[in-house]
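Each chain is listed here by its residues.
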Amino acid sequence: MNELDALVVTAQDEFTRAQTPADLENAKALFLGKTGKVTEWMKGLASLPVEEKKTRGAAINQAKQMVEAALAARRQALADAELEAQLKSEALDVTLPGRRVPAGGLHPVSLTLERIESIFGSMGFEVAQGPEIETDWFNFTALNTPEDHPARSMHDTFYVKGGTDAAPLLLRTHTSPMQIRHAVQHVKRHRASLDAGRGMPEIRVIAPGRTYRVDSDATHSPMFHQCEGLWIGEAVSFKDLKVVFTDFCRTFFESEDLVLRFRPSFFPFTEPSAEVDIQFQSGPLSGRWLEVAGSGQVHPNVVRNMGLDPEKYIGFAFGMGPDRLTMLRYGVNDLRLFFDGDLRFLSQFQ
Ligand code: PHE
């Protein structure tokens, strides 16, 4: 083997020994670098006679090409190995079951509120929302419950800092303030028509939301829900209340087998007033009278505070307890379960 062949073999060996791209570059320098062996051979050509230069030069060139080919082959081999290792380390087991994203769900009381909204929506009622921190005026006074009225003591109220003596602030004890708030807006929108004696479209609204009282046991929570209903027009009667509320209850409980009783009661803002009781004719609660709402014909003083003439406008209001409705619908016997946030309980409604 001549020296050039030996050089090629040495280079191939060196390249094969290189285990990393960096090793390989170092090995390359030994042969093809500025002071590498092949380069040295090239330099040596200068001192040779012309004829020898030609044959010798061609031989060196051939050797150089073989060294370069060996280098390229090894480079490729190392790159392939690296890719292979990477693929192995990142291997995916596509047969593993996927990770489930836990699906959230609506709270049972939210489900009830949605039902209430959709049922009353189908009867032409809009939905209004209002503040939970109320003024004394909207929560009591405007609802015909002036200061020192004994009926105020029916509501154990959370008063809130930030009001004035003339306008104390409180957490609303019921959704009835929305009767006034909504009616005042409605009347304002139709002021021109009312002033011109052309009247206004009827007020037909429900107002669901959170309410607060100082009260806590298995059937009372300091925070609870109510849904107010208000229907005011020129000829809306107690009979309409009965029809609407009976329809609502039968749809809500998906039972025609259900009767209602309007039991005389008292609220300062309605006259006459009635508690609405329902009775199932079958099922586990069958035969018991269950109170679900307060109701009545809107008091003339309240109609006046809405900005309307009580000689012309009349109607009814009701306030029901969505928490109670939810308990009855699902057979839950402790109200506090709704507000403990225990997923073992809540996930049963999904
Ligand atoms: N706001 C009353 C309550 O909380 C319920 C009610 C609403 C009664 C509307 C009559 C009319 O007890």
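Cut-offs and rules
Residues numbered from 1 in each chain as written. Predicted model: local features only at pLDDT ≥ 70, side-chain atom pairs only at ≥ 80, totals over all residues. Heavy atoms only, no water. Pairing = 2+ DSSP bridges. Helix = DSSP H or I, 4+ residues; strand = E, 2+ residues; numbered from the N terminus. Contact = heavy atoms within 4.5 Å. Axes fitted to C-alpha atoms, helices over the stretch in contact; angles between N-to-C directions. Domains from an automatic or database assignment. 1 Å grid on protein atoms, 1.4 Å probe; cavity = no way out; pocket = protein on both sides within 12 Å on 5 of 7 lines; lining within 4 Å. Points joined across faces, edges and corners; volume = space filled by probe spheres on them. Nonpolar A, V, L, I, M, F, W, Y, C, P; charged D, E, K, R; others polar. Expected span 1.5 Å × (residues − 1). Buried < 20%, exposed > 50% of the residue type's maximum accessible area, 1.4 Å probe, protein only. Arc of directions from axis to C-beta. Near = heavy atom within 4 Å. Polar contact = N/O pair within 3.5 Å; in protein donor to acceptor, adjacent residues only side chain to side chain. Areas by Shrake-Rupley, 256 points an atom, 1.4 Å probe, with all protein chains shown as cover. Sits in = over half its atoms within 2 Å of the grid points. Salt bridge = Lys/Arg side-chain N within 4 Å of Asp/Glu carboxyl O.

Asks: Give me the lowdown on the sheet that holds strand S8 (residues 270-280), citing residues and values where you can.
Replies: The sheet built from 7 strands is open, its strands ordered S1-S5-S6-S10-S9-S8-S7 with mixed pairing. Each having just a single partner strand, strand S1 (126-127) and strand S7 (258-267) make up the two edges of the open sheet. The sheet contact formed by strand S6 (residues 223-233) and strand S10 (residues 314-320) spans 7 bridges and is antiparallel. Looking across to S10, one finds that Cys-227 is bridged to Met-320. Those strands touched by helix H7 (residues 177-189) are S1, strand S5 (203-212), S6, strand S9 (290-298) and S10, and its axis lies near 145 degrees from that of S5. Where helix H9 (residues 238-252) meets the sheet, its contacts fall on S6, S7, S8, S9 and S10, and the angle it forms with S7 comes to roughly 130 degrees.

Asks: Tell me about the domain arrangement of the chain, and name the residues and values.
Replies: What the domain assignment reports for the chain is domain 1 (3-89) and domain 2 (108-349). Each of domain 1 and domain 2 has a C-alpha centre, and the two are 92 Å apart.

Asks: How would you sum up the layout of surface pockets? Please name residues and give values.
Replies: There is about 890 Å³ of room inside the largest pocket. If you go around the largest pocket, you meet 38 residues; those closest to its centre are Arg-213, Phe-224, Gln-226, Glu-291 and Gly-319. Among the elements of the structure, S6, S8, S9, S10 and helix H11 (322-330) are those that each provide at least two residues to the lining of the largest pocket. Looking at which element gives the most residues to the lining of the largest pocket, the answer is S9, with 6 residues. Across the lining of the largest pocket, the residue classes break down as 14 nonpolar, 16 polar and 8 charged. Volume-wise, the second largest pocket comes out at about 310 Å³. What lines the second largest pocket is a set of 16 residues, and nearest its centre among them are Phe-280, Leu-285, Met-327, Leu-328 and Gly-331. For the lining of the second largest pocket, the element with the highest residue contribution is H11, accounting for 3 residues. The class makeup of the residues in the lining of the second largest pocket is 7 nonpolar, 6 polar and 3 charged.

Asks: I'd love a proper account of helix H5 (residues 108-122), names of residues and values included.
Replies: Each turn of an α-helix holds 3.6 residues, which means side chains three or four residues apart point in the same direction. Given a rise of 1.5 Å per residue, 15 residues ought to cover 21 Å, and the 21 Å separating the end C-alpha atoms of H5 matches this to within 8%. Along H5, the positions that sit buried rather than exposed are Pro-108, Val-109, Thr-112, Leu-113, Ile-116, Ile-119 and Phe-120. Each buried residue of H5 lies within a common arc of 145 degrees when the element is viewed along its axis, so the set occupies one face. Looking at the buried positions of H5, the neighbouring elements they touch are S5, S6, H9, S10, H11 and helix H12 (343-346).

Asks: I'd like a rundown of the pairing of S6, residues and numbers included.
Replies: Within S6, 10 of the 11 residues are buried, which leaves it mostly tucked inside the rest of the structure. Summarising the sheet, S5 and S6 pair through 10 bridges and their orientation is antiparallel. Residue pairing in the sheet places Thr-211 in a bridge with Phe-224 of S6.

Asks: Now, about the site of the ligand: what can you tell me, with residues and values included?
Replies: Around the ligand, a shell composed of 14 residues is seen, among which His-174, Ser-176, Arg-213, Gln-226 and Gly-319 lie nearest. Here a nitrogen atom of the ligand and a side-chain polar atom of His-174 are 2.9 Å apart. Arg-213 is positioned with one of its side-chain polar atoms (N or O) 2.9 Å from an oxygen atom of the ligand. When the ligand sits alone it has 330 Å² of accessible area, and the protein chains cover 92% of it. The cavity where the ligand resides is the largest pocket. Those elements that provide at least two residues to the shell around the ligand are S6, S9 and S10.

Asks: Describe H9, listing the residues and the values that go with them.
Replies: In this model H9 runs 21 Å from its N-terminal to its C-terminal C-alpha over 15 residues, within 8% of the 21 Å that 1.5 Å per residue would give. The set of residues buried in H9 consists of Leu-241, Val-244, Phe-245, Thr-246, Phe-248, Cys-249 and Phe-252. The opening residue of H9 is Ser-237, an N-cap whose side-chain oxygen sits 3.2 Å from the backbone nitrogen of Lys-239. Just beyond H9, the residue with positive phi is Glu-254, at close to 50 degrees.

Asks: Requested: an account of the pattern of salt bridges, with residues and values cited.
Replies: Once the charged atoms of two side chains with opposite charge are near each other, the side chains can pair. Applying the stated criterion across every chain yields a total of 14 salt bridges. The partner of Arg-204 in a salt bridge is Glu-202, and the shortest N-O contact between them spans 2.9 Å. Accessibility expressed as a relative area gives 26% for Arg-204, which makes it partly exposed. Residue Glu-202 is classed as partly exposed on the basis of its relative accessible area, which comes to 32%. Asp-277 is the partner of Arg-263 in a salt bridge, and the nearest nitrogen-oxygen pair spans 2.7 Å. Linking Arg-263 in strand S7 with Asp-277 in strand S8, this pair joins segments that are 14 residues apart in sequence. On the accessibility criterion, Arg-263 (30% relative accessible area) is partly exposed.

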